[in-house]
Amino acid sequence: MSIHIGAKKGEIAETVLLPGDPLRAKWIAETFLEDITCYNKVRNMFGFTGTYKGRRISVQGTGMGVPSISIYAHELINDFNVKNLIRVGSAGSYQKNVKLRDIVIAMAASSTSGINQYRFQGADFAPTASFELFQQAIEKAKEKDIKVKAGNVLTSDEFYADEFESYQMWSNFGVLCVEMETSGLYTLAAKHGVSALSLLTISDSLVTGEKTTTEERETTFKGMVEIALELG
Ligand SMILES: O=P(O)(O)O[C@H]1O[C@H](CO)[C@@H](O)[C@H]1O
Ligand SMILES: O=c1cc[nH]c(=O)[nH]1
């Protein structure tokens, strides 16, 4: 057991799916996995282990933002020996051609989060996806005939920006969408020599103002999860 994860050694698989929302973790476990056990209820940040096509896999809620996912990623890697960390999150589109429910694979994550500025003493670190997981995700998406987009995403420290139009700068530099965790996840994976990938489903668009419902954010996004479950 670690500070935030109430599992015993061996109860968490080497590959873990990481939704921000703990209820999405529950939905993923109940919908896709067999023989599930709930190994974590600390702070209601549910974690489950089960099997998918005979392979052991876990799914752990991370909460929102870089500080929260950093706690879970740190403990999963250091206390539970997790090797593949695959985020399955929602994101807001920054581009006209990135539409509601599109799947975006984060090749890299720009960020407004201060932690890497502090960590690298003002220099820039480029948090990038695991090439192996990225390649696998592209292949699996092709096999399943699921369309994906891939590129740079923004990991933001704020959901509600003071200036709504501030998204334009990132959009002008080709950033596909905004979410709140990937930069932290990729940085910790690099630090500890493990693999990470973020798959994101577009839940709303800053360009058009369209939105999915709360229920959809909790319990849909099936395509992204079907790809993620095959990785590692
Ligand atoms: O749907 P999740 O995985 O939580 O991801 C996105 O949704 C949350 C904001 O509503 C942030 O955590 C953001 O990254
Ligand atoms: O972080 C997020 C997630 C979804 N939509 C946004 O606008 N921001």
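Keep in mind that this is a model prediction, so the values were computed, not measured. (Residues numbered from 1 in each chain as written. Chains lettered and ligands numbered in written order. Predicted model: local features only at pLDDT ≥ 70, side-chain atom pairs only at ≥ 80, totals over all residues. Heavy atoms only, no water.)

(A) Focus on the site of ligand 2. As a structural note, the neighbourhood of ligand 2 is formed by Ser90, Ala91, Gly92, Phe159, Val178, Glu179, Met180, Ser203, Asp204 and Leu206. Protein burial of ligand 2: of its 240 Å² of free accessible surface, 90% is covered by the chains. For the shell around ligand 2, the elements supplying multiple residues, two or more each, are strand S5 (84-93), strand S8 (177-179) and strand S9 (195-205). Broken down by element, the residue count for the shell around ligand 2 peaks at 3 residues, all from S5. Residue classes in the shell around ligand 2 are distributed as 5 nonpolar, 3 polar and 2 charged. (Near = heavy atom within 4 Å. Areas by Shrake-Rupley, 256 points an atom, 1.4 Å probe, with all protein chains shown as cover. Helix = DSSP H or I, 4+ residues; strand = E, 2+ residues; numbered from the N terminus. Nonpolar A, V, L, I, M, F, W, Y, C, P; charged D, E, K, R; others polar.)

(B) Summary view of the environment of Lys83. By secondary structure assignment, the location of Lys83 is in the loop between helix H2 (66-80) and S5. Residue classification places Lys83 among the partly exposed positions, given a relative accessible area of 35%. Taking the C-alpha atoms as reference points, Lys83 and Ala13, separated by 70 residues in sequence, lie 8.8 Å from one another. Residues in contact with Lys83, not counting those within four places in the same chain, are Glu14, Val194 and Ser195. (Buried < 20%, exposed > 50% of the residue type's maximum accessible area, 1.4 Å probe, protein only. Contact = heavy atoms within 4.5 Å.)

(C) How the structure looks around the site of ligand 1. Around ligand 1 sit Gly20, Asp21, Arg24, Met64, Arg87, Gly89, Ser90, Phe159, Glu179, Met180 and Glu181, and that is every residue in its neighbourhood. Contacts to ligand 1 include Arg87, whose side-chain N or O atom sits 2.8 Å from an oxygen atom. Here an oxygen atom of ligand 1 sits 2.6 Å away from a polar atom, N or O, in the side chain of Ser90. In isolation ligand 1 has 350 Å² of accessible area, and contact with the protein removes 89% of it. Here the residues of the shell around ligand 1 sort into 3 nonpolar, 3 polar and 5 charged. (Polar contact = N/O pair within 3.5 Å; in protein donor to acceptor, adjacent residues only side chain to side chain.)

(D) Structural detail: the packing of H2 against helix H6 (residues 182-192). Direction vectors running N to C along H2 and H6 enclose 30 degrees, while the axes themselves pass 9 Å from each other. In terms of their interaxial angle, H2 and H6 are classed as roughly parallel. The way H2 lies across H6 gives a crossing that is right-handed. In this structure, H2 contributes Val66, Ile69, Ser70, Ala73, His74, Ile77 and Asn78 to the contact, and H6 contributes Gly184, Leu185, Leu188 and His192. Residue classes in the contact of H2 with H6 are distributed as 6 nonpolar, 5 polar and no charged. (Axes fitted to C-alpha atoms, helices over the stretch in contact; angles between N-to-C directions. Parallel < 35°, antiparallel > 145°, perpendicular 65-115°, else oblique. Left-handed = near helix turned anticlockwise from the far one by under 90°.)

(E) Geometry of the side chain of Ser58. One can find Ser58 in strand S4 (residues 55-60). Within the structure, Ser58 has its side chain in polar contact with the backbone nitrogen of Ala13 (distance 2.8 Å).

(F) The arrangement of the nonpolar core in detail. If you look at the biggest cluster of nonpolar residues, it comprises 63 residues, and the most contacted ones within it are Ile12, Leu17, Leu85, Leu197 and Leu199. Not counting chain neighbours up to four residues away, the residues in contact with Ile12 comprise Ile5, Ala7, Tyr39, Thr49, Arg56, Ser58, Leu76, Phe80 and Val82. The next biggest cluster of nonpolar side chains, apart from the first, holds 7 residues, and it includes Leu154, Trp170, Val175 and Leu206. (Core = buried A, V, L, I, M, F, W, Y, C linked by side-chain atoms within 4.5 Å.)

(G) Region of interest: the pattern of salt bridges. Under the criterion given, the structure shown has 9 salt bridges. The closest approach of N and O atoms between Lys53 and Glu230, which form a salt bridge, is 2.6 Å. Linking Lys53 in the loop between strand S3 (47-52) and S4 with Glu230 in the segment after helix H8 (222-228), this pair joins segments that are 177 residues apart in sequence. Owing to a relative accessible area of 19%, Glu230 belongs among the buried residues under this scheme. One continuous salt-bridge network, built from bridges that share partners, spans Lys53, Lys144 and Glu230. (Salt bridge = Lys/Arg side-chain N within 4 Å of Asp/Glu carboxyl O.)

(H) A look at the packing of aromatic side chains. A full pass over the atoms with the stated rule returns 6 aromatic pairs. Considering the side-chain rings of Trp27 and Phe32, the 5.5 Å spacing of their centres and the 90 degrees angle between planes classify their relative orientation as edge-to-face. Grouping residues by exposure puts Trp27 and Phe32 together as buried. Taking 4.8 Å as the distance between ring centres and 80 degrees as the angle between the ring planes, the aromatic pair formed by Phe159 and Tyr160 counts as edge-to-face. Assessed through its relative accessible area of 69%, Tyr160 is described here as exposed. An aromatic cluster is present here, built from Tyr94, Phe164 and Tyr167 joined pairwise through their rings. Positioned above the aromatic ring of Phe80 is the side chain of Lys9, whose terminal nitrogen or guanidinium carbon lies 5.8 Å from the ring centre. (Phe/Tyr/Trp six-rings, centres within 6.5 Å; stacked < 30°, edge-to-face > 60°. Lys NZ or Arg CZ within 6 Å of the ring centre and 35° of its normal.)

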